[in-house]
Amino acid sequence: MGISRFVLLVFTISMLASPALSDLVLSKVDRRIYLTSHIVRISSTLEVENAGPETVSKVLLAFPDLQAQNLAYLMASPHEAKAKVKGLTVGASFTFDVLAVFTQALRPMPEQIGQADIQLVLYQDSAYYLSPYVVKVQSLSLKVPDSRIESYTTLQSTKVQGSEIKYGPYENLPAFSSSPITVHFENNLPFAIAQELVREIEISHWGNVLVTEHYKLIHGGAQSKGEFSRLEPQARENVQGPSAVRYLVAHLPPRAHSVYYRDAIGNISTSHLRGDSKKTELLIEPRYPMFGGWRTAFTIGYGLPLQDCLYESEGRRFLNITFSSPMIELVIDTLIVKVVLPEGSSDISVAAPFFMKQWQETKISHLDIVGRAVVVLEKTNLVPEHNQYFQVYYKFNRLSMLREPLMLISGIFFFFVACIVYMHADTSISKFSASYLAKQQWEEVRVAIQQVHNIICRCLATHDKLEASLRDLSRTGEVQACKAARKSTDGLLKELSKELKPLMTFLQSSPSAVQVLSKVEELVAKEKELLEKLMAKHSTAVEAYEKKSGARDIENRIALQQQKITALRQEVDDLLEFIDEI
């Protein structure tokens, strides 16, 4: 492993001046590398000795370029919790622990595997601790998930015990010593990576803090080759995609409530929730097992009691909540945290345990007037160690809490006032408006047309009586009775004609009847023509019976007239149907 370029990170012991690098010696280094998941953790215990003439204030930590690119988290702390050092005096020593966490440090080898194949990964490092100081004694151990190790670099003082590979001890190594090692081993643990996670934390002073988390997840392990088969896992029950992501576990706060989980098309996947006084555990089974390179997106949400997250200090309120995802062993490429404060919040500031981008936005929600202030925090390359508490401070006037209830009460009050006004107001159209007059005129026209319709129907009924007298004539031969029936119908038809005349005069003078007047006039004319044909038929039949003509001769004489009568009657019926629809 090359060391042409390295990163120097500072662990401060005191605020005194820093001596030359040669003034310090690492008298003992115990390094442990944990490769039991897709997140690589290196825990080092360093005993540093001041061999120079002056008090030391700083210790420099070096990382090879390959590791520096993937460094996600670094923490240094005294080896003994109560140890306090203001400065490392001449000849004195100090022991401290360093935890370095790396992502993307394991490379799948091979890069593509079948659905039922195990996953093998490759890890590269140095058997020697990279340090800008001389190292007197050092040792290294690598912990892998399983005792199945494909290959590893063998150096002097190398031994394997189960799932652990040990190198060293090595003594008296000069500064920046390096001895590359490679380990190729089985690691079937899911490589769950959130390419993007958006957490929205909304504060409600009415008693709740609502947390919503939107995940875009990918399996970052060896890519799955070939088509997915549901038959293969059923046929080989003992091998069902060893490295597939089958479930995810989230450790929520102990009093989390209203927990839900859904993916892009609803909540039809499997989830289990269990909890006790210390934690609430949410187990999620995605809709399908995720193989290498596969993606999914889902949302989880839950509520927290306000008193568990919100506190008050020196006249300001502050939210105290964890920053990152509650998912176990999840790497996050990009995390965006949005803290939605109550409307009316002011004097906003953030206190966080590490650097992150931050800015403010505004969110308009229900019953808001000017919108709610939103504190947005963004950080990349996160590991579970980043899930630490952070605080958002703000000022909030208690009277602002009355804004929403007052708006609701006022809205309901004005709604009922509007209902009362509406119920008592005269909403009818003015009798002098053009629309009202037009409606009134059309109503009068419609009534007149209905009366014309009724008169024509009565005329047709009279026609039927005249036809009935002819049928009686053919059956009995009584001419006088037939003539009497015609005389009676003549008088009735004259009365109906008198009733019809003023109605037609009104329709012909009304502007509102223009569209239907032609049909009404056609109906009256057709009824008149029908009556004339019917009278002619009646006269012909009576005259024939008086001359004592034969039945066949009479039928022949009125046959043509009957055809015209039938056709006219059909036309009159069609016009009546049309006018009836009006």
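Residues numbered from 1 in each chain as written. Predicted model: local features only at pLDDT ≥ 70, side-chain atom pairs only at ≥ 80, totals over all residues. Heavy atoms only, no water.

1. Comments concerning the sheet that holds strand 29 (residues 389-395)
Strand order in the open sheet formed by 4 strands is 23-24-29-26, with antiparallel pairing between adjacent strands. Both outer strands of the open sheet, strand 23 (310-313) and strand 26 (346-351), are each paired with one neighbouring strand and no more. Taking the axes of each pair of neighbouring strands and ignoring which way they run, one obtains an average angle of 25° across the sheet. (Pairing = 2+ DSSP bridges. Helix = DSSP H or I, 4+ residues; strand = E, 2+ residues; numbered from the N terminus. Axes fitted to C-alpha atoms, helices over the stretch in contact; angles between N-to-C directions.)

2. Details of the packing of helix 5 (residues 434-476) against helix 7 (residues 514-546)
Running from N to C, helix 5 and helix 7 point in directions that differ by 15°, and their axes come no closer than 11 Å. With respect to each other, helix 5 and helix 7 are oriented roughly parallel. Handedness of the crossing formed by helix 5 with helix 7: left-handed. Residues that form the contact of helix 5 with helix 7 fall into these classes: 18 nonpolar, 4 polar and 3 charged. (Parallel < 35°, antiparallel > 145°, perpendicular 65-115°, else oblique. Left-handed = near helix turned anticlockwise from the far one by under 90°. Nonpolar A, V, L, I, M, F, W, Y, C, P; charged D, E, K, R; others polar.)

3. Digging into the UniProt feature "transmembrane region" (unreviewed entry) in the protein
When the UniProt feature table is mapped onto this chain numbering, "transmembrane region" (unreviewed entry) sits at residues 406-425. The distance separating the terminal C-alpha atoms of residues 406-425 is 28 Å; by composition the span is 95% helix and 0% strand. (UniProt positions renumbered as here; feature names shortened; annotations may be inferred.)

4. Focus on the packing of helix 5 against helix 6 (residues 479-509)
Where helix 5 meets helix 6, the closest approach of the two axes is 10 Å, and the angle between their N-to-C directions is 170°. Relative to helix 6, the element helix 5 is oriented roughly antiparallel. Here the contact of helix 5 with helix 6 is composed, by residue class, of 21 nonpolar, 5 polar and 5 charged.

5. Some thoughts on the nonpolar core
Counting residues in each nonpolar core, the largest one holds 44 residues, and the members touching the most others are Phe298, Leu319, Phe323, Met327 and Val339. Top element by residues in this core is strand 15 (residues 192-204). It accounts for 5 residues. When neighbours within four sequence positions are excluded, Met327 is seen to be in contact with Tyr215, Leu248, Val249, Ala250, Ile284, Phe298 and Ile300. (Core = buried A, V, L, I, M, F, W, Y, C linked by side-chain atoms within 4.5 Å. Buried < 20%, exposed > 50% of the residue type's maximum accessible area, 1.4 Å probe, protein only. Contact = heavy atoms within 4.5 Å.)

6. As for the pattern of salt bridges
The final tally for this structure, using the stated rule, is 22 salt bridges. In this structure, Glu150 and Arg148 form a salt bridge, with 3.1 Å as the shortest nitrogen-oxygen distance. Glu150 gets classed as partly exposed once you look at its relative accessible area, which sits at 39%. One salt bridge in this structure joins Glu281 and Arg274, with 2.6 Å as the shortest N-O distance. A relative accessible area of 14% means that Glu281 is categorised as buried. (Salt bridge = Lys/Arg side-chain N within 4 Å of Asp/Glu carboxyl O.)

7. What to know about the side chain of His463
Note on placement: His463 falls in helix 5. Taking the relative accessible area as the measure of exposure, His463 reaches 3% and is therefore buried. Among all residues touching His463, those that are not within four sequence positions of it are Leu493, Glu527, Leu530, Leu531 and Leu534.

8. Quick look at the sheet that holds strand 27 (residues 357-363)
Each strand in a sheet pairs with its neighbour through backbone hydrogen bonds, running either in the same direction (parallel) or in the opposite one (antiparallel). Taken together, the 7 strands give an open sheet; going across it, the order is 19-22-16-15-25-28-27, and neighbouring strands pair in mixed fashion. Both outer strands of the open sheet, strand 19 (257-263) and strand 27, are each paired with one neighbouring strand and no more. Each strand of the sheet is rotated relative to its neighbour by a mean of 15°, with strand direction disregarded. Across 5 bridges, strand 19 lies against strand 22 (residues 295-305) in antiparallel orientation. For Tyr261, the partnering residue across the bridge sits in strand 22 and is Ile300.

9. Side note on the side chain of Glu281
As for its position among the elements, Glu281 is in strand 21 (residues 280-285). A polar atom in the side chain of Glu281 sits 3.0 Å from the side chain of His251. Reaching out from Glu281, the side chain makes a polar contact with the side chain of Arg274 at a distance of 2.6 Å. Leaving out residues up to four positions away in the same chain, Glu281 has contacts with Val249, Ala250, His251, His272, Leu273, Arg274 and Gly275. (Polar contact = N/O pair within 3.5 Å; in protein donor to acceptor, adjacent residues only side chain to side chain.)

10. Description of unusual backbone geometry
Here Met109 and Pro110 are connected by a cis peptide whose omega angle stands at 10°. Note the cis peptide between Gly168 and Pro169, where omega equals 10°. Take Pro169: it is sitting in strand 13 (residues 164-173). Look at Ser157: it is not a glycine, yet its phi comes out positive at around 65°. Here Ser157 shows up in the loop between strand 11 (149-152) and strand 12 (158-161). Ser157 gets classed as partly exposed once you look at its relative accessible area, which sits at 36%. The backbone of Glu314 shows a phi angle near 55°, a positive value even though the residue is not glycine. In this structure, Glu314 sits in the loop between strand 23 and strand 24 (316-322). With a relative accessible area of 79%, Glu314 lands in the exposed category.

11. As for a negative patch on the surface
On the surface, Asp574, Glu577, Asp580 and Glu581 cluster together into a patch of negative charge. Overall, the relative accessible area of 48% leaves Asp580 in the partly exposed class. (Patch = residues over 30% accessible without salt bridge, like charges linked within 9 Å, V, L, I, M, F, W, Y side chains within 5 Å. Areas by Shrake-Rupley, 256 points an atom, 1.4 Å probe, with all protein chains shown as cover. Lys, Arg positive; Asp, Glu negative; His and termini not counted. Charge placed at Lys NZ, Arg CZ, Asp CG, Glu CD.)

12. Concerning the pairing of strand 9 (residues 120-126)
Along any regular strand the residues' side chains alternate between the sheet's two faces. Among the 7 residues in strand 9, 6 count as buried, and that is most of the element. When strand 7 (residues 107-108) meets strand 9, the two strands line up antiparallel, connected through 2 bridges. Paired with Pro108 across the strands is Val121, a residue of strand 9. With 7 bridges joining them, strand 9 and strand 14 (residues 180-186) adopt antiparallel strand pairing. Looking at strand 14, one finds that Leu122 is bridged to His184.

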